[in-house]
Amino acid sequence: MASTNSSTDHPPQTRLQRFKHAFSSPRAFHEALILDSSASMLINEDLLPSPPARQTWTTWSFFAYWWSESWNVSTWSIGSALITVGATVRDALLVVFFANMLSAAVMVLNGFASSRYHIGYPVLSRSSFGIYGHYFVVVLRSILGIIWGGVQLYFEGQFISICLRCIFSGWENIPNNIPADQYITTQTMVGFFLAFLFTIPFLFVHTSRIQHLFTVKSVVLPFAGLGIVIWATTRNGGVGSSALDSQAQSSRPPTSVFAWAIVSQFNAVMGANSALLVTIPDIARYSRTRRAQVWGQLIALPLGQTLCAAFGIITAASVLNMYGEAYWNPYDLLNGMLDHGYTPASRAGVFFASASFAFATLGTSIACNFIPFAADVTCLLPKYLNIVRGQFVCLIIAFAIVPWRIVTSAAGFLNFLNGYSIFQGPVVAIMIVDYFILRRGNLSIRDLFMTSSEGIYYYFHGVNLRAFAAFIIGFLLPLPGFIESFGAAGGSGAASNMYSLGWELSFAVGGLAYFALGLVWRVPGDAASHGFEKAPVDEVEYSDAVLEGGSDDASGGGKRDDREKIDQV
């Protein structure tokens, strides 16, 4: 191949020389974009199994990741929805705890295959949905990464704006010349742009090395949250949860309505986690041992989310007694603290808390949006995109979608995003059933990188029709309620109740449908003759298998060039 030959004919260039050469002509720029490790439409260095050097995540890494991820704006504010439907403080915390226990269990199951074979979500989904069919579920997940990446960037900008308000006493008096119909002020726009700039350096770090960011976040934000709680309870002279409980009791609807409201909020927590339940293989693939991803997730997620939600509830209860208003959103709370006392002490405390939340929001966005999106899009353009490049693509698009309009004016669109989990539930259920029951934990790495019809994951023209049938069956039951949630006329209580069980229902029905279809119409290579995870792992042979599938390189370099590329990885 032209690019490979040029690299061997000339001595290695410095990074600066390569950068200058890339802009010397359109052809040079295009060649600079091509990844040397991309041997076919199914391969580059971030699609192939992670080598031992990148298997760096320990139990502590996973614990720090999920503990840190638990401390975010959404979790802090989650008590608001539960209290407003009539739940007591105890009820709210129990809902959060058990929903995250279920989430952690599903994550461990869906990460099990990747912790053995060290492959990410795009490659693992090929075994369930087919060599070509997996593109659909990858795009389905990538959409969320872009939208929520932008929303988190907007949240981060809010906290940065508060930091600047603490530093500059005249920050709030800066003239705002942005029209009101744009739903953003000059101050928030400056914060949003700074959030964009602050994110850039972290995107140069590969996922296998980014765990140190979450270690720092796992310490910083809990201390900041504890500081806010101590301030609120000290100023209030106690927790003041009775005020919230009495408010909840006064607004509690009839028992049957209240019960379904609690179920709906349980489902909302699952829905908030639904995208991560699907793409946890993108993290689990870097697990140093099988147990690392198990214990790190089972302990950290329910414990961290429950504690963060408790801090939000305690603070809201105390502030309600002091100010007569319950500030559920942390940036509204911090602005409220400054409104009620712009003293040097309050400015210092609010600055530290806001900076901590800004850093935490940055970590959440990287963990939940940039990493999953980048890992996913590597399979869409493997010739040009690896994980680091994919993260920059996500950041640029997230910046361009004007996320403040989504947050402040697009209530229907946010409702759509919240209900999007009914399409994620069947996906993760199908992957779990496929791996644990139909294949008994045995995968063929060589076939995951073959476009040949002889590959066991080629199915019907590259698409596993069983999986797509189960996917459709899975979301059919909650779908009418999902449509009704947009205000459609002629709704029924049954449809609404099924939608309240949206993620759980789609997960259970989708998994059962795929299991039944797998029994009637056996999947190729179901490894029935092997015990669970007893088939040998073709860790060395997979590169040869890729070559058997042929190369998609139009330059006609052949198998020899492909072998050289894969060996370099």
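By the naming in an unreviewed UniProt entry, the protein chain goes by Allantoin permease and is assigned to Stachybotrys chlorohalonatus. Looking at the Sequence similarities (unreviewed entry) heading of the UniProt record, one finds this comment for the protein chain: "Belongs to the purine-cytosine permease (2.A.39) family."

What the protein chain contains, in helices and strands, is 27 helices and zero strands. Burial status across the protein chain gives 55% buried among its 569 residues. Taking all contacts inside the protein chain whose residues are at least 6 apart in sequence as the whole, residues at least 24 apart take part in 84%. As displayed, the protein chain has an accessible area near 23,100 Å², and 65% of this comes from carbon and sulfur atoms.

Here we come to the pattern of salt bridges. When charged atoms on two side chains of opposite charge get close, those side chains can pair. What the rule picks out here adds up to four salt bridges. Between R439 and D434 there is a salt bridge whose closest N-O contact spans 3.0 Å. Across this residue pair, the class does not change: R439 and D434 are buried.

Bringing the nonpolar core into the picture now. Core analysis: the largest hydrophobic core is formed by 139 residues, its most contacted members being F214, L334, I366, V427 and F449. Other than its neighbours up to four places away in sequence, I366 contacts F202, L203, I210, L213, F214, I371 and P372.

Here the focus is a nonpolar patch on the surface. A contiguous nonpolar patch, built from F460, L465, L519, V520 and W521 and spanning about 550 Å² of accessible area, is present on the exposed surface. Tracing the backbone through its elements, the reader meets W521 in the loop between helix 25 (502–520) and helix 26 (542–548). Judged by relative accessible area, W521 falls into the partly exposed class, the value being 44%.

Time to look at the packing of aromatic side chains. With the rule as written, the count across this model stands at 33 aromatic pairs. With 6.2 Å between their ring centres and 75 degrees between their planes, Y132 and Y458 make a pair best called edge-to-face. Here Y132, found in the loop between helix 7 (121–129) and helix 8 (134–167), pairs with Y458, found in the loop between helix 21 (445–448) and helix 22 (465–476); they are 326 residues apart in sequence, far enough to count as distant. An aromatic cluster is present here, built from F129, F136, Y420, F423, F468, F471, F475, F482 and Y499 joined pairwise through their rings. Here R290 stacks its cationic end above the ring of F112, 4.1 Å away from the centre of that ring. Above the face of the W521 ring, R466 is positioned so that its terminal group lies 4.1 Å from the ring centre.

Secondary-structure assignment places D434 in helix 20 (residues 421–438). For D434, a relative accessible area of 1% puts it in the buried group. Not counting the four nearest positions on each side in its chain, D434 is found in contact with S127, S128, R439, Y459 and Y514.

Compared with the 50 Å implied by 1.5 Å per residue over 34 residues, the 47 Å span of helix 16 (residues 344–377) between its first and last C-alpha is a close match. For helix 16, the principal kink sits at I366 and spans about 40 degrees. The buried fraction of helix 16 is high, at 25 of 34 residues.

Turning our attention to the environment of A272. With respect to the secondary-structure elements, A272 resides in helix 12 (residues 255–279). In this structure, the C-alpha to C-alpha distance between A272 and T75, residues 197 residues apart in sequence, is 9.5 Å.

Calculation criteria
- Residues numbered from 1 in each chain as written.
- Predicted model: local features only at pLDDT ≥ 70, side-chain atom pairs only at ≥ 80, totals over all residues.
- Heavy atoms only, no water.
- UniProt positions renumbered as here; feature names shortened; annotations may be inferred.
- Helix = DSSP H or I, 4+ residues; strand = E, 2+ residues; numbered from the N terminus.
- Buried < 20%, exposed > 50% of the residue type's maximum accessible area, 1.4 Å probe, protein only.
- Contact = heavy atoms within 4.5 Å.
- Areas by Shrake-Rupley, 256 points an atom, 1.4 Å probe, with all protein chains shown as cover.
- Salt bridge = Lys/Arg side-chain N within 4 Å of Asp/Glu carboxyl O.
- Core = buried A, V, L, I, M, F, W, Y, C linked by side-chain atoms within 4.5 Å.
- Patch = residues over 30% accessible without salt bridge, like charges linked within 9 Å, V, L, I, M, F, W, Y side chains within 5 Å.
- Phe/Tyr/Trp six-rings, centres within 6.5 Å; stacked < 30°, edge-to-face > 60°.
- Lys NZ or Arg CZ within 6 Å of the ring centre and 35° of its normal.
- Expected span 1.5 Å × (residues − 1).
- Bend = angle between axes of the 7 residues up to and from the residue.

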